[in-house]
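Observations on the model geometry
The chain contents come next:
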Amino acid sequence: MPSGDWKVIITVTEKFDNDNPHNTRMKLRFIPNTLYSLPLPSLFIKLPISLSFSHHQTQTISSGTRSLVFRVQSIDNSYLMASQKEFPELNTNLYPQIEPYGTGFLKVSDLHTIYWEQSGNPSGHPVVFIHGGPGGGTSPSNRRFFDPDFYRIILFDQRGAGKSTPHACLEQNTTWDLIDDIEKLREHLEIPEWQVFGGSWGSTLALAYSQSHPDKVTGMILRGIFLLRKKEIDWFYEGGAAAIFPDAWEPFRDLIPESERGCFIDAYKKRLNSDDINTQYAAARAWTKWEMMTAHLLPNEDNIKKGDDDYFSLAFARIENHYFVNKGFFPSDSFLLDRIDKIRHINTTIVQGRYDVCCPMMSAWDLHKAWPEADFKVVPDAGHSANEPGITAELVAANEKLKNIIKNKGD
């Protein structure tokens, strides 16, 4: 039997026979220190138990006046070896920082040009990172979720965000424009199909893109699910989340006169599109700080400081507000959920922080119920950010799982 710690799970599959315990059939599973269980044939064992021990240990288990000495003995390794090859222990740690091997700008309309970059293995399996916001842009740390020896990692900044130009521009900037941009980038890079990775607004755009081009997507990883429904917008921008973060909410609220507080989204739209640049910056800082102060389960000062950066905040706040005022440019509130059948076949993992205030778990749960075939991972001690330890671990593991599936297909 392979070395290391194994957990034994024994469950009764027939009623326990007190007169003749050897007639009681129970099922035994050995679970190594991985994410996968390895079922073995049913054995005749006496007690319903759960215990942990190493492969060479002997354990004594008591039940009332009876005891059972249980020793792990040799079993057929061929089943275990095959299962371990199919489901090896998954890495959950970020990969080291790397630099791009290629960068460029792609003109996607008469007005907009988007920044893109490639890193990792030029001959590897392509994966496209779809950033959040909208308006957030990418950062070098985004490359670290992917094995650079296996993946060809593509990052790009959406219209008006990051290094894309014109900065913070709302004209010709809709969900459908962004979906077209993703396709133009795929074709520009001569990629037949690719894996899609997106969190927060990135999950929204990843779903919308994949539903529009399901034949181009080899797998999906979604984090911090945002379906851009009215109840989600109202929760975060119209006072719901204020019940949890009243200290962060008040500066966001107080920028708006009481007479305009019936709809904060509209009130901020007015200021973010003001003719006065200082009015724009003030609104952008307040909007951005509200989100950055609520994005982590525990406060993250570096994240909060992004709200002091006028260049970043203006694109982040203006573009977010633009999309939210326009309801994501979707024809109905349940548009993404209604089209799950288009992508049901795609191997997908959904990662959600239990205490996500920005994109509360109700949306991930609704997606899970509509799409039970997708793996659903709830991180019990995390909020919204992909950089929280539990969420990071699940995202890396999800990429590793898809990597192993692709590798096994090639064997």
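For the structure, check the block above.
Notes on the structure follow.

**Considerations on the pairing of strand 12 (residues 194-199)**
By the criterion of burial, strand 12 is predominantly enclosed, with six of the six residues buried. Traced from strand 12 through helix 3 (residues 201-212) to strand 13 (residues 217-223), the parallel crossover comes out right-handed.

**Here's the deal with the side chain of Thr-392**
Relative to the helices and strands, Thr-392 is located in helix 12 (residues 389-410). The residues contacting Thr-392, other than those within four sequence positions of it, are Thr-92, Leu-94, Phe-145, Ala-386 and Asn-387.

**Brief notes about the packing of aromatic side chains**
Applying the stated criterion to the full structure yields 28 aromatic pairs. On the numbers, 5.6 Å between centres and 65° between planes, the contact of Tyr-268 with Trp-287 is edge-to-face. Within this pair, whereas Tyr-268 is found in helix 6 (residues 264-272), its partner Trp-287 is found in helix 7 (residues 277-294), the two being separated by 19 residues in sequence. Like Tyr-268, the residue Trp-287 is buried in the burial classification. An aromatic cluster is present here, built from Phe-226, Phe-236, Tyr-237, Trp-249, Phe-252, Phe-264, Tyr-268, Trp-287, Trp-290 and Phe-324 joined pairwise through their rings.

**Let's talk about the environment of Asp-149**
Topologically, Asp-149 is positioned in the loop between strand 10 (125-130) and strand 11 (151-156). Taking the C-alpha atoms as reference points, Asp-149 and Pro-122, 27 residues apart in sequence, are found 9.2 Å from one another.

**Focus on unusual backbone geometry**
Going from Gly-133 to Pro-134, the amide bond is cis rather than trans, its omega being -5°. One can find Pro-134 in the loop between strand 10 and strand 11. A cis amide bond links Thr-165 to the next residue, Pro-166, at an omega of -5°. One non-glycine residue with positive phi stands out, namely Ala-168, at about 60°. With respect to the element layout, Ala-168 can be found in the loop between strand 11 and helix 2 (175-188). At Glu-190, a position not held by glycine, the phi torsion is positive, near 55°. Classification of Glu-190 as exposed rests on a relative accessible area of 70%.

Cut-offs applied
Residues numbered from 1 in each chain as written. Predicted model: local features only at pLDDT ≥ 70, side-chain atom pairs only at ≥ 80, totals over all residues. Heavy atoms only, no water. Buried < 20%, exposed > 50% of the residue type's maximum accessible area, 1.4 Å probe, protein only. Helix = DSSP H or I, 4+ residues; strand = E, 2+ residues; numbered from the N terminus. Right-handed = clockwise from strand over helix to strand, strands pointing away. Contact = heavy atoms within 4.5 Å. Phe/Tyr/Trp six-rings, centres within 6.5 Å; stacked < 30°, edge-to-face > 60°.

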